[in-house]
Amino acid sequence: MTTEASPTRIDPADKSMDAIVALCKRRGFIYPASEIYGGINGFWDYGPLGVELKNNLRDRWWRDLVKRPPVGPDGREVDIVGIDSAIIQNPSVWVASGHVGGFSDPMQTCRQCKKLFRADHIAEMLCDSAWVTALSEVIGIGHTGEAEVDTGALQKWAQRKAKKLAPGLIVVRDKESASLAALEQGAHTLAQVLQVVAGVAAPCPNCGGDLTEAREFNLMFESHAGAVQDDANKVYLRPETAQGIFTNFKNVLDTMRVRMPFGIAQIGKSFRNEVTPRNFIFRSREFEQMEMEWFCHPDDARKWYDFWVADRQEWWESLGVDKANLLRRDHDDDELAHYSTACADVEYLWPFTAPDFGELEGISHRGCFDLSRHQEHSKQKLEYFDQERNERYIPHVIEPAAGLTRGVLLLICEAFTPDETRASKVYLRFNPSLAPIQAAVFPLVNKDGMPEVAEKLYRDLRSDWTVQCDVKQSIGKRYARMDEAGTPFCFTIDSDTLNDQTVTVRYRDTQHQERIGIDTVRDFMAGHVGL
RNA sequence: GCGGGUGUAGCUCAAUGGUAGAGCCCCAGCCUUCCAAGCUGGUGGUGAGGGUUCGAUUCCCUCUACCCGCUCCA
């Protein structure tokens, strides 16, 4: 049997993103959005093959969580229901969630060295800054306290070592306009010295230059509901699907006879006005998420957190992703959001991050933060009465949140396999059950009754799988095209078929061929692709 | 947002201040009995706008998209 090829592993760093982007467009996976108008930064369109791939991944996630959920740590299948909430919600949702106001990060740029900083990080970065440390040694003042300043030594430092260390300082750039005289009398703090040598109170941690004003940057897209476009009817496009789950927690509880612990899953578009969309569809402004909120008793939250972190990584492995390309990374304590007690990422070895890994899915222990906030803002009771425990509580939440569109990129990157020996020079090694085209049917030549047989087989398979039939051009060209599209199996009808009712099946990964009965093709597909 | 790089056909690459070419791909027809074969024909392009010029793909300006870095995140 030659279904499973085991090619030597290709280092993701050797996979060219340019080549992947070009293939995606050439074969109808992903196009730049509104390309005929010059495109638009941060948006991408999914072509005929791209949408099949995306739908297959989406359906697999839904199947494996909602329809055929995993077995939990207590040995029983977990209970998860789905919802599909509106992209636009009452704006109060985003006030409660903290996205209005809190989700934007004011940024400042240094006018001298052009580096970009988060405004709320500047003070801390100044403390750690190499040039500030050097300065404090020269003048003998620590980060706290005060002392008299030897302006002569300071002057000497400014004109020598600081030229390399902090070229942005005003005393370095323009010693005339920086008056060290102000430091000659009495004792001074480090902050006062910084003000004089930099000309500003909070200089650039990197070079000592002056920073621009903090620019507010709201990550949420805004629109208006209704005829009048004023602030009174301002609405937001959701930046995550999760909040639609929290706002429906009570509805699901009241209508679905669910009991703790249980989950609510949702797949859908989210929108973030990213400062810098990058790396093809990896970070785009419109993207699709697959999120599940797992509600449980506070005492059980840690157990479930551990369960879901392991389960989610295993799920990606179950799609055929090379284990060597997946990594679990637990967040450090100082990395955690204030409401979160634990967070882990499933990371992938992306071609553009290699040799580093980059985030694919995050599993967050959110405690009771979200439901508490919504209870507070909405004035609605979001507690759960647990009959078994005879206890009333706000459930704790474990949130596995994956990027669907990011997952599509993973599948493409993972499948991308250069092969100089092939006509196509590259093929996509998709898991057969996820491939956008699962099989192709070819008549070897377009005559002698073969096209008719091919047509019949094609129609027969089409009801259960995504199949294409192609009668044009040489057989080699058709195989090559299917290699690039990632079609795992091609069935070819030749003159023998007419006599003995067999067809050739050609395996994408090995290019090997074998003959099987035409009446066993359905079984073959069921066995190799699934139903 | 700032800095650097890039932008000629679907792809790879030419060319020129004076009618933008080739190979491959793609499409049609013929041919073809298993891996982009052959023959004939065909579609299709200077990212967008403005300026200089008799004439701009070429020179200048603006915008835009993509890639890299700072930063952020599903």
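Residues numbered from 1 in each chain as written. Chains lettered and ligands numbered in written order. Predicted model: local features only at pLDDT ≥ 70, side-chain atom pairs only at ≥ 80, totals over all residues. Heavy atoms only, no water.

(A) Looking closely at the environment of Ser 340. Summarising the element assignment, Ser 340 is placed in the loop between strand E12 (326–330) and strand E13 (342–348). C-alpha separation for the pair Ser 340 and Ser 364, spaced 24 residues apart in sequence, amounts to 7.1 Å. Residues contacting Ser 340, with those up to four places away along its chain left out, are Ser 364 and His 365. (Helix = DSSP H or I, 4+ residues; strand = E, 2+ residues; numbered from the N terminus. Contact = heavy atoms within 4.5 Å.)

(B) A look at the protein's contact with RNA strand B. Taken together, 57 residues form the shell around RNA strand B, and within it Arg 283, Glu 359, Ala 423, Arg 481 and Thr 504 come nearest. Restricting attention to atoms of RNA strand B within 4 Å of the protein, one finds that 47% of them are sugar or phosphate atoms. Measuring from a sugar or linking oxygen of RNA strand B, one finds a backbone N or O atom of Gly 38 at 3.1 Å. Breaking the surface near RNA strand B down by element, the ones donating at least two residues are strand E5 (116–118), strand E11 (286–296), strand E14 (358–367), strand E17 (396–403), helix H17 (475–485) and strand E23 (502–507). Classifying every residue of the surface near RNA strand B gives 17 nonpolar, 21 polar and 19 charged. (Near = heavy atom within 4 Å. Polar contact = N/O pair within 3.5 Å; in protein donor to acceptor, adjacent residues only side chain to side chain. Nonpolar A, V, L, I, M, F, W, Y, C, P; charged D, E, K, R; others polar.)

(C) Seen up close, the state of the cysteines. What the rule picks out here adds up to 0 disulfides. With no disulfide of its own, Cys 296 lies 11 Å from the sulfur of Cys 368, the closest cysteine sulfur. The class of Cys 296 is buried, set by a relative accessible area of 0%. Residue Cys 413 stays outside any disulfide, its sulfur separated by 7.9 Å from that of Cys 24, the closest cysteine. Using a relative accessible area of 0% as the deciding quantity, one classes Cys 413 as buried. (Disulfide = S-S within 2.5 Å. Buried < 20%, exposed > 50% of the residue type's maximum accessible area, 1.4 Å probe, protein only.)

(D) Seen up close, the side chain of Thr 405. Checked against the element boundaries, Thr 405 lands in helix H15 (residues 404–415). Non-local contacts of Thr 405, meaning those with residues more than four positions away in its chain, are made with Tyr 46, Lys 54, Ile 281, Phe 287 and Glu 288.

(E) How the structure looks around unusual backbone geometry. Here the amide bond leading from Met 260 into Pro 261 is cis, since omega sits at -5°, within 30 degrees of zero. Mapped onto the elements, Pro 261 comes out in the loop between helix H12 (249–255) and strand E10 (262–271). Here Ala 354 and Pro 355 are connected by a cis peptide whose omega angle stands at 10°. Tracing the chain through its elements places Pro 355 in the loop between E13 and E14. A positive phi angle is found at Ser 34, which is not glycine, with a value near 40°. Within the fold, Ser 34 resides in the loop between strand E1 (30–32) and strand E2 (44–46). A relative accessible area of 34% places Ser 34 in the partly exposed class. Non-glycine residue Asp 448 carries a positive phi angle of around 60°.

(F) Examining the pattern of salt bridges more closely. Taken as a whole and assessed by the stated rule, the structure comprises 32 salt bridges. With a closest N to O distance of 3.0 Å, Arg 328 and Asp 330 form a salt bridge. Under the relative-accessibility criterion, Arg 328 is labelled partly exposed at 35%. Using a relative accessible area of 40% as the deciding quantity, one classes Asp 330 as partly exposed. For Arg 329, the salt bridge identified is with Glu 347, shortest N-O distance 2.9 Å. Residue Arg 329 is found in strand E12, and its partner Glu 347 is found in strand E13; the two are separated by 18 residues along the sequence. Residue class for Arg 329 comes out partly exposed when judged on its relative accessible area of 26%. Taken together, the salt bridges that share partners define one network made up of Asp 419, Arg 422, Asp 483 and Arg 506. (Salt bridge = Lys/Arg side-chain N within 4 Å of Asp/Glu carboxyl O.)

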